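Inside the fold
Below are the chains, spelled out letter by letter.
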Amino acid sequence: MGSSILTPESTSDWLAPRAHGLIDATVQVPASKSLTNRYLVLAALADGPSRLRKPLRSRDSDLMIEALRVLGAGIDELDSDDGAGQDLLITPIDRSAVRGEVTVDCGLAGTVMRFVPPLAALLNATVLFDGDPAARVRPMAPVVTALKDLGLHVQDEEAGLLPFTVASTGSVAGAGLRVDSSGSSQFISAWLLVGAFFEQGLRIEHVGNSVPSLDHIHMTIATLREVGVQVDEPAPNQWLVHPGSVRAFDVAVERDLSNAGPFLAAALAAGGTVRVPDWPAQTTQVGARWPEILTRMGATTSYDDGVLTVKGHGTIKGIDLADASELAPTVAALGALASSETRLTGIGHLRGHETDRLAALVAEIKALGGDAEELADGILIRRPVDRGGVFHSYEDHRMATAGAIIGLAVDGVRVEDIGTTAKTMPDFPGMWQELAATGGA
Ligand SMILES: O=C(O)C1=C[C@@H](OP(=O)(O)O)[C@@H](O)[C@H](O)C1
Ligand SMILES: C=C(OP(=O)(O)O)C(=O)O
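Residues numbered from 1 in each chain as written. Chains lettered and ligands numbered in written order. Predicted model: local features only at pLDDT ≥ 70, side-chain atom pairs only at ≥ 80, totals over all residues. Heavy atoms only, no water.

1. Some points on the overall build of the chain
If you tally the helices and strands in the chain, you get 13 helices and 23 strands. The C-alpha radius of gyration of the chain comes to 22 Å, within 12% of the 22 Å expected for a compact globule of 441 residues. In terms of overall dimensions, the chain has a C-alpha envelope of 60 × 50 × 45 Å along the principal axes. Relative to its 441 residues, the chain shows a buried fraction of 57%. A total accessible area of about 16,400 Å² is found for the chain, and carbon and sulfur atoms account for 48% of it. A distance of 3 Å separates the average location of the 35 positive side-chain charges in the chain from that of its 55 negative side-chain charges. (Helix = DSSP H or I, 4+ residues; strand = E, 2+ residues; numbered from the N terminus. Rg over C-alpha atoms; globule rule 2.2 N^0.38 Å. Buried < 20%, exposed > 50% of the residue type's maximum accessible area, 1.4 Å probe, protein only. Areas by Shrake-Rupley, 256 points an atom, 1.4 Å probe, with all protein chains shown as cover. Lys, Arg positive; Asp, Glu negative; His and termini not counted. Charge placed at Lys NZ, Arg CZ, Asp CG, Glu CD.)

Have a look at this one:
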């Protein structure tokens, strides 16, 4: 009888499709999480209604939408011009209104938990911020310290972690902040996004070890400049936001190049060709690095008429790569299939992402027969995986997609909680099955 009983794990695990032949797929990836959530914040503060064309709709963007609604923004859905998607029309927050006590659910979204508390400082409101149990261990101290340094009343029961309450009258003099952003670039982006609304603007200086994910800070600055906010970088690790306003805007949101990563990586994992249309010619997304990374790992890539094409040729080479930021779990999955070592460095802060990604990757690669170890600021993958088994996702969308990549090439990989991919890609399981089916899965 024992053998016929399904354990809870076996009922909820998702058997990753195994591609037995070359794949040949064209994949439309959803819009960028990072751009969608920046545009949402800026639209909520703009001087008139703004329109986001085909933004991301996923758990992280829906948490941001709900947070901004709770704080007084109007957010309505509209059919896109081509009828093939939805746009969002955002009516900004009336900052003169008195809001009283409200609660914001941050889920597990770093962009919500780091970007929205500074916005609350601009309102006459008392806002309780909380999130998933897994969010309650993500680093938040630099946000709380900065709020206090600006003179706001913050009540945090456990110093520097969610949940906490921010009380503001809505007027902040601004001036200068020193922020330790060695744990996340979001600690800088958060203040850049709202600095123009402080009476004197905002001068921000990073103190501490190096700032990770610098591309995301460049994205914040580029986005601010698009909507008329003046931002200077007087010296490395220093930023100056001039007092001003956000011009209402109408923008088509770029596709998410980080989320394109697992699909492009599939061309190497399974062999074959993957095309991603609507690849921007110019972008601030860190995913712009995919052509270079995948070429170094053995693919050939080409870009023509807005379509990025990646072809795999049956071998995967290990890579030495610094500062891969949110691309790291995808590169690690390829590293776990590669014929030589992969060393990813400059990503120590991934220990504070959705889970401790360094520990999680090492544990899961070892569980499938590979060999890997944590480095002070990254991971080293020594030997590829050689068998299937359960690949735990730790409520982390990028761990789940890493398991799916490995499962394309290795029999019997079962990804625990594939639904966690809804954080940024609600249709991932279906899109992945479709891609794998082109390889005979
Ligand atoms: O600002 C953003 O949109 C993000 C910044 C990065 O955070 P870290 O600096 O914590 O890596 C990135 O990894 C995250 O997925 C999104
Ligand atoms: C680190 C990530 O997310 P977050 O925005 O929650 O920090 C990520 O998406 O890889």
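2. What to know about the pattern of salt bridges
Here the structure, examined in full by the defined rule, presents 25 salt bridges. Two residues, Arg178 and Glu205, come together in a salt bridge whose shortest N-O distance is 3.5 Å. Taken together, the residues Arg178 in strand E10 (residues 175-179) and Glu205 in strand E11 (residues 202-206) connect sequence positions 27 residues apart. Put simply, Arg398 and Glu326 hold a salt bridge, and the shortest N to O gap is 3.2 Å. Here Arg398 is found in helix H12 (residues 397-409), whereas its partner Glu326 is found in the loop between strand E18 (320-322) and helix H10 (328-335), with 72 residues between them in sequence. Judged by relative accessible area, Arg398 falls into the buried class, the value being 4%. Residue classification places Glu326 among the buried residues on the basis of a relative accessible area of 10%. A network of salt bridges, in which partner residues are shared, links Arg51, Arg53, Asp81, Asp87 and Asp250. (Salt bridge = Lys/Arg side-chain N within 4 Å of Asp/Glu carboxyl O.)

3. Quick word on the site of ligand 1
Ligand 1 sits among 14 residues. The nearest are Ser34, Arg38, Ser185, Ser213 and Glu326. Within the side chain of Ser34, a nitrogen or oxygen atom sits 2.6 Å from an oxygen atom of ligand 1. In the environment of ligand 1, an oxygen atom lies 2.8 Å from a nitrogen or oxygen atom belonging to the side chain of His349. Put simply, the parts of the chain that give the shell around ligand 1 at least two residues each are helix H2 (33-44) and helix H4 (110-120). The residue makeup of the shell around ligand 1 includes at least three contributed by each of domain 1 (14-29 + 255-438) and domain 2 (33-242). (Near = heavy atom within 4 Å. Polar contact = N/O pair within 3.5 Å; in protein donor to acceptor, adjacent residues only side chain to side chain. Domains from an automatic or database assignment.)

4. A few points about the packing of aromatic side chains
When we look at a pair of aromatic rings, we describe it by the centre distance and by the angle of the planes. On inspection of all chains with the given rule, the structure shows six aromatic pairs. On the numbers, 6.3 Å between centres and 40 degrees between planes, the contact of Trp191 with Phe198 is tilted. The exposure classification of Trp191 matches that of Phe198, with both residues buried. By the ring-pair criterion, three or more aromatic residues cluster together here, those being Phe263, Phe428 and Trp432. (Phe/Tyr/Trp six-rings, centres within 6.5 Å; stacked < 30°, edge-to-face > 60°.)

5. Description of unusual backbone geometry
Peptide bonds are mostly trans, and most non-glycine residues show a negative phi. Cis peptide bonds are those with omega within 30 degrees of zero, and the linkage from Leu162 to Pro163 qualifies with -5 degrees. Position of Pro163 among the secondary structure elements: in the loop between strand E8 (153-156) and strand E9 (164-168). In this structure, Asn237 takes a positive phi of about 65 degrees despite not being glycine. Summarising the element assignment, Asn237 is placed in the loop between strand E12 (231-235) and strand E13 (238-241). Here Asn237 falls in the partly exposed class, since its relative accessible area comes to 34%.

6. Some remarks on the sheet that holds strand E5 (residues 86-91)
In space, the four strands of this open sheet follow the order E4-E5-E3-E14, with mixed pairing throughout. Across the chains shown, the open sheet's two edge strands, defined by having one partner strand only, are strand E4 (74-79) and strand E14 (250-252). Recorded for the sheet is a direction-independent mean angle of 20 degrees between the axes of neighbouring strands. As defined by bridge partners, E4 adjoins E5 across six bridges and the pair is classed as antiparallel. Each residue of the ladder has a partner; that of Ile75, found in E5, is Ile90. (Pairing = 2+ DSSP bridges. Axes fitted to C-alpha atoms, helices over the stretch in contact; angles between N-to-C directions.)

7. With respect to helix H3 (residues 59-70)
Here H3 spans 16 Å end to end across 12 residues, near enough to the 16 Å set by a 1.5 Å rise per residue. Taken from the residues just after H3, Gly72 is the one with a positive phi, measuring 115 degrees. (Expected span 1.5 Å × (residues − 1).)

8. Brief notes about the site of ligand 2
Residues in contact with ligand 2 amount to 14 residues; listed here are only the nearest, Lys33, Gly110, Arg138, Arg398 and Lys423. Note that an oxygen atom of ligand 2 is positioned 3.2 Å from one of the side-chain N or O atoms of Gln186. Contacts to ligand 2 include Glu354, whose side-chain N or O atom sits 2.8 Å from an oxygen atom. For ligand 2, whose unbound accessible area comes to 300 Å², protein coverage reaches 97%. Where the shell around ligand 2 is concerned, the elements lending two or more residues are H4 and H12. Counting contributing residues, the shell around ligand 2 receives three or more from each of domain 1 (14-29 + 255-438) and domain 2 (33-242).

9. Brief notes about the nonpolar core
Among the nonpolar cores identified, the biggest contains 82 residues, and Phe129, Trp191 and Leu192 are the most heavily contacted of them. Those residues in contact with Leu192, other than ones at most four positions away along the chain, are Ile204, Ile217, Thr220, Ile221, Leu224, Val231, Trp239 and Val241. Counting 72 residues, the second-largest nonpolar core is a separate cluster that includes Leu268, Met297, Val331 and Ala372. (Core = buried A, V, L, I, M, F, W, Y, C linked by side-chain atoms within 4.5 Å. Contact = heavy atoms within 4.5 Å.)

Spatial relationships are all this shows, so hold off on functional conclusions.
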